[in-house]
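Examining the three-dimensional arrangement
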Amino acid sequence: MAKEYGEVQLFGVGGSPYARRVRIALEMKGVQYTYFEEDLRNKSDLLLKYNPVHKKVPVLVHNGKPLAESLVILEYIDDTWGNHPILPQQPYDRALAQFWSRFIDDKCLPAITKAAFTANKEERDNSAEESLEALQFLENELKHKFFGGETIGLVDIAAGFIAFWLPAIEEAVGLKLLSCEKFPKLHKWGQEFTNHPVVKENLPPRDKLVGFFKARYASITASK
Amino acid sequence: MENLGNKFKTIYINIAIGLTRTPSSIHRMQYNILQKKKSRAMAEQNKVILHGMWASPYVKRVELALNHKGIPYQYVEEDLANKSDLLLKYNPVHKKVPVLVHNGKPIAESMVILEYIDETWKDGPKLLPTDSYKRAQARFWSNFIQDQLFENSFLVLKTDGEAQQKALDQVCEKLNLLEDGMKTYLAEGNVGVENNFGILDIVFCSIFGAYKAQEEVLGIKLMVPEKFPVLFSWLMAIVEVEAVKKAAPPYEKTVAILQRFRQSALKFSAAA
């Protein structure tokens, strides 16, 4: 029985891990939506109208009502479409899921980005240390096949960056963070996650991503 | 000697009363003792401990939430220069306050704690809207205030001269965005803050609630009603809420810590 979804639109960019999070959640729940690919150098009027505060992707528009910020959008999707829940039911488990997804966005991703894309070597090295510490916390936290248990949940979706974007960054800039010796569970998790039937269909082409990161690295080190 | 006599007298009377009690009154006594044991057990079952620091805006959020919901809790003041073993055990990832410990289970990160409180204590006022879109908006704007306004406001406190002016311009820019956002959001059914006091009010209050002290220390008025009419009247309504009044630290204490913080930040940057 097809649920009444209303009109759902998603504004995103192919290579954006944040936009991909939203696509994964919508597709897991079987929600029909229209996707709009944005050109970040030439943002559409609609995007600027729907996200005047940040002017960024992803933006979800449900029945004309816009939402920005991927984690906010993910929780909204879970609240609105109850099938294939991505957040646990129990308040304490929900709190842990929210804690770890915030950790990924506030600590993990910025450290990894800085470890790769900073001109100053000392800053890069410091950020690499921070990244390893952050990854260790996640490694310790992983107790099942996925962070969400036997199925993927909010934390897995948020951590998608680590499973797919991080290896692409590592290849592009010659950095090694997610080694399977240091992080066996996380490494295995990364493979399980990227092979998940819904996730597999929702990842950008790897070579394109590596190319994008190579160019970004080149522009930063060139301006040194 | 007299005390001992009185003691024996009390014991003698109690024995006499006991002997004269009817079986039903004994059962009632046993029932009352059992009820007292039960409610003590329940109070322990719902044991809430907040590890905090009195001047932290993050801790303030949790205090406001607990106060507003009428949840009894034990408060543990942490010395951030010498963190307790318990704090480090409960929050090994960030090693920060606030940490809420509920029946021995720790939760860190103020926004996560607020949502946990709302979901766990379902009686009393709700901190998050029931409508899922409004809930998402409340989360969005709370994040905005936290990510965009807090750091910049802090910077205004830590700097002077050109750097301070730059930080001030940033804050004004963000306040303009918030003013626009709140024009719509608050107009859509948030009537009367006391009835609807929730996470967004809490987060806004945690940053600007001490506006008078901030103005005194900085000599600058941020919340100017002519510039930000919606935010100003929202703030004025917030500081009248019972939970806010209850959690507000003494004015002089706040001024003193802001001044101390500003002086040491300025000294540090001058020495750098």
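What this report covers is the structure whose coordinates are included nearby.

Reading the values: rules and limits
Residues numbered from 1 in each chain as written. Chains lettered and ligands numbered in written order. Predicted model: local features only at pLDDT ≥ 70, side-chain atom pairs only at ≥ 80, totals over all residues. Heavy atoms only, no water. Helix = DSSP H or I, 4+ residues; strand = E, 2+ residues; numbered from the N terminus. Buried < 20%, exposed > 50% of the residue type's maximum accessible area, 1.4 Å probe, protein only. Contact = heavy atoms within 4.5 Å. Areas by Shrake-Rupley, 256 points an atom, 1.4 Å probe, with all protein chains shown as cover. Pairing = 2+ DSSP bridges. Patch = residues over 30% accessible without salt bridge, like charges linked within 9 Å, V, L, I, M, F, W, Y side chains within 5 Å. Salt bridge = Lys/Arg side-chain N within 4 Å of Asp/Glu carboxyl O. Lys, Arg positive; Asp, Glu negative; His and termini not counted. Charge placed at Lys NZ, Arg CZ, Asp CG, Glu CD. Axes fitted to C-alpha atoms, helices over the stretch in contact; angles between N-to-C directions.

This brings us to the overall build of chain B. From N to C terminus, chain B includes 13 helices and four strands. Within the span of chain B, comprising 272 residues, buried residues form 44% of the whole. Residue pairs at least 24 apart in sequence account for 70% of intrachain contacts in chain B once pairs closer than 6 positions are excluded. For chain B, the computed accessible surface area is about 15100 Å², with 57% contributed by carbon and sulfur atoms.

With four bridges connecting them, strand β3 (residues 59-62) of chain A and strand β4 (residues 65-68) of chain A associate as antiparallel partners. Counted as the bridge partner of Val61 of chain A is Pro66 of chain A from β4 of chain A.

Let us look at a positive patch on the surface. Among the surface-exposed residues, Lys107 of chain A together with Lys83, Lys95 and Lys96 of chain B lie close enough to one another that they form a single positively charged patch. Positionally, Lys83 of chain B belongs in the loop between β2 (74-77) and α4 (85-90). Note on Lys83 of chain B: relative accessible area 31%, which makes it partly exposed.

Further remarks concern the sheet that holds β4 of chain A. Residues and elements named next belong to chain A. If you trace the four strands from one edge of the open sheet to the other, you get β2-β1-β3-β4, paired in mixed fashion. Because the sheet does not close on itself, it has two edges, and the strands there are β2 (34-37) and β4. Mean inter-strand twist for the sheet, computed between neighbouring axes without regard to direction, equals 20°. The sheet strands contacting helix α1 (residues 17-28) are β1 (8-12), β2 and β3, and the helix crosses β1 at an angle near 155°.

Examined against the element boundaries, His54 of chain A turns out to sit in the loop between α2 (45-50) and β3. Looking at His54 of chain A, the relative accessible area reads 19%, which means it is buried.

Shape is all these values report; function is a separate question.
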